[in-house]
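# Inside the fold
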Amino acid sequence: MQPPKTPAPIKELGKPLNTPAQIFRLRYRADGTQVAAGCSDGLVHRWNLSGKEPVELPALTGHNGWVTGLAFVGDSLLTCDSWGRLTAWDANARQLWTVETAHDGWARAVAPSPDNTTVATCGRDGFVNLWKVKDGKKLAASAHTADTLTVIFAPDGKSLLAGDLFGIVRELPVAGGEAIRTFEAKELHRADRVQDVGGVRCLLFTADGKTLLVAGAEPKTGGFVQCTPLVIAFDRASGKRTTVWRNGTEKDGYVTDLAWHPEGFVVGTSSGQPGQGKLFFWKPGEEQASFSVAKPNCHSVAIAPDGQTLVLAMTNANSSGNGRPKGEYQANYSPIQFWQFTK
């Protein structure tokens, strides 16, 4: 007799909602009444969650390139795009201000400060910039020297941590200037004959602020990219590694997003070879994920403020990365699925 299966800790809520474009990042508003997604069509798609079912709201327009990063900051929404633009919107979807060249080229991410008065951005130009949420005034800049893929504030708000293409995380003063120290995760990068691949894709602190999680992938090849999802945990005080965790094989690709659940575990996503992706739960220090489910090429995940639901952005089946249906490429788009935690 086989032992009974352990019930899954989450269940899907209804059918996925289909968006017309690929989602790069999605997040909940602080009161849990809205989800916003930055997309490849240059729009910010939004859903009202106040009722029994999600209701799509008018998309936010104004970006020229892909909307690559976004963050709800108090009552405002901050978005950035692949042309380097940074824009702020109020709670009524009115544009408050915009900075056309927040970065010289691709802006990668937006991160709010703990007190919601400032945001940090990073970009391909190697800079980490600090902005005032109220009016978009630039407060500081720090040269990171390499393509900077992600940035977050330290829990005390006194410094910034930025991860680059080469697997280096630099801790920077919020006032700008040289790095205070570095965390090295060089396994996350590979210099291949074809291209540099990898990089620090996600940064996350545990709730107590004692552990820094640095995530991406351990590349095997750089042409037809093969890499294994990898998370490295560092002790915040000493800077020493405490855990190196691989989640899958070289077909499973990159860790694309991380979130911290109030119950004390990481919720993450990965995207690899066409059709390969996972939603997973992992507690730092453990050898295996406590929960994992295969979903095609997952790109972003967000946990509702009450910790009871999450939303996941995936990729459609038979997309342009998966062949040519009827002789033509099918455009990528991102179904989003809501889930409810069951325990």
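What counts, and where the lines are drawn
Along each chain, residues carry numbers from 1 onward, in the same order as the chain's sequence is written. Residues qualify for local features only when their pLDDT is at least 70, as the model is predicted, and side-chain atom pairs are given and counted only at 80 or more; totals for whole chains, interfaces and linings, by contrast, use all residues. Excluded from the side-chain calculation are hydrogens and water; included are all heavy atoms of the structure. Where helices and strands are cited, they refer to DSSP runs of H or I of at least four residues and of E of at least two residues respectively, numbered from the N terminus. Type-normalised accessible area, obtained with a 1.4 Å probe on protein chains alone, sets the label of each residue: buried when under 20%, exposed when over 50%, and partly exposed for intermediate values. Two residues form a contact once any of their heavy atoms are found within 4.5 Å. Working convention for charge: Lys and Arg count positive, Asp and Glu count negative, and His plus the chain ends are omitted. In this description, the location of a charge corresponds to atom NZ of lysine, CZ of arginine, CG of aspartate or CD of glutamate. Any carboxyl oxygen of Asp or Glu within 4 Å of a side-chain nitrogen of Lys or Arg constitutes a salt bridge here. For two strands to pair, DSSP has to find at least two bridges joining them. Axis geometry follows a simple rule: fit a line to the C-alpha atoms, using only the stretch in contact for helices, then measure angles between N-to-C directions, giving values from 0 to 180 degrees. Think of pLDDT as the predictor's per-residue confidence, scored from 0 to 100. Polar contacts here mean pairs of N or O atoms no more than 3.5 Å apart (in protein, one a potential hydrogen donor and the other a potential acceptor; neighbouring residues in sequence count only if both atoms are side-chain atoms). Think of it this way: a Phe, Tyr or Trp ring, Trp meaning its six-membered ring, pairs with another when their centres are within 6.5 Å, and the plane angle makes it stacked under 30 degrees, edge-to-face over 60, tilted otherwise. Geometrically, a charge over a ring is one whose NZ (Lys) or CZ (Arg) sits within 6 Å of the ring centre while staying within 35 degrees of the ring normal.

### Brief notes about the overall build of the protein
- Scanning the protein for helices and strands turns up 0 helices and 30 strands.
- Each of the three principal axes of the protein carries a C-alpha extent, and together these read 65 × 45 × 45 Å.
- When burial is assessed residue by residue, the protein has 52% of its 343 residues classed as buried.
- Nonlocal contacts in the protein, meaning residues at least 24 apart in sequence, comprise 45% of its contacts between residues at least 6 apart.
- Of the side chains in the protein, 36 bear a positive and 33 a negative charge, and the two mean positions are spaced by 3 Å.

### Brief notes about the pattern of salt bridges
- Taken as a whole and assessed by the stated rule, the structure comprises 16 salt bridges.
- For R241, the salt bridge is made with E187, and the minimal N-O distance between the two is 2.6 Å. Residue R241 is located in strand β23 (residues 241–246), and its partner E187 is located in the loop between β17 (181–184) and β18 (189–191); the two are separated by 54 residues in the primary sequence.
- Residue classification places R241 among the partly exposed residues on the basis of a relative accessible area of 36%.
- Judged by relative accessible area, which is 24%, E187 ranks as partly exposed.
- The closest approach of N and O atoms between R190 and D192, which form a salt bridge, is 3.6 Å.
- Judged by its relative accessible area of 35%, R190 is partly exposed.

### A look at the sheet that holds strand β21 (residues 211–221)
- One open sheet holds the 4 strands; their spatial order is β20-β21-β22-β23, and the pairing between them is antiparallel. Only two strands of the sheet have a single neighbouring strand rather than two, namely β20 (202–205) and β23. Neighbour to neighbour, the strand axes of the sheet diverge by 25 degrees on average, direction disregarded.
- The sheet contact formed by β20 and β21 spans 4 bridges and is antiparallel. Bridging from a neighbouring strand, L203 pairs with V214 of β21.

### Details of the confidence of the model for the protein
- Across the protein, the average pLDDT comes to 92, with 94% of residues at or above 70.
- In the predicted structure, residues 321–325 sits below a pLDDT of 50 and forms 10 contacts with residues beyond four places in sequence or in another chain.

### Considerations on the side chain of R25
- Looking at the secondary structure, you find R25 in strand β2 (residues 23–28).
- Residue classification places R25 among the buried positions, given a relative accessible area of 17%.
- There is a polar contact of 3.3 Å between the side chain of R25 and the backbone oxygen of H299.
- If we ignore the near neighbours within four places in the chain, the residues touching R25 are A36, A37, G38, T68, L70, T256, D257, H299 and S300.

### Considerations on the packing of aromatic side chains
- Evaluated as defined, the whole model comprises 9 aromatic pairs.
- Among the aromatic side chains, those forming a connected cluster through ring pairs are F265, F281, F291 and F341.
- Above the plane of the ring of Y254 lies R201, whose end atom (NZ or CZ) is 4.1 Å from the centre.

### A short note on unusual backbone geometry
- In this structure, A93 takes a positive phi of about 65 degrees despite not being glycine.
- Inspection of the secondary structure assignment puts A93 in the loop between β8 (86–89) and β9 (95–99).
- We note that N116 has phi near 65 degrees; this positive angle belongs to a residue other than glycine.
- Within the element layout of this structure, N116 appears in the loop between β10 (107–112) and β11 (118–123).

### Thoughts on the sheet that holds β9
- In spatial order, the strands read β6-β7-β8-β9; together these 4 strands make up an open sheet with antiparallel pairing. The sheet terminates laterally at β6 (67–73) and β9, the two strands that pair on one side only. For this sheet the average axis-to-axis angle between neighbouring strands, irrespective of direction, equals 15 degrees.
- Alignment of strand β7 (residues 76–81) against β8, held across 4 bridges, turns out to be antiparallel. Counterpart to L77 in the pairing with β8 is W89.

### A look at the side chain of T148
- Within the element layout of this structure, T148 appears in strand β14 (residues 148–153).
- Side-chain polar atoms of T148 contact the backbone oxygen of A146, separated by 2.8 Å.
- Look past the residues within four positions of T148 in its chain and what remains in contact with it is R108, C122, G123, G126, F127, V128, A162, G163 and D164.

### Points about the environment of E187
- For the pair E187 and N116, spaced 71 residues apart in the sequence, the C-alpha separation amounts to 33 Å.
- If we skip the residues at most four places from it in the chain, E187 touches A217, E218, P219, L230, I232 and R241.

### Some points on the environment of Q337
- Mapping Q337 onto the fold places it in strand β30 (residues 335–341).
- In this structure Q337 comes out as buried when scored by relative accessible area, which is 2%.
- In this structure, the C-alpha to C-alpha distance between Q337 and K15, residues 322 residues apart in sequence, is 6.9 Å.
- Sequence-distant contacts of Q337, that is, excluding residues within four places in its chain, are made with E12, L13, G14, K15, P16, L310, V311, L312 and M314.

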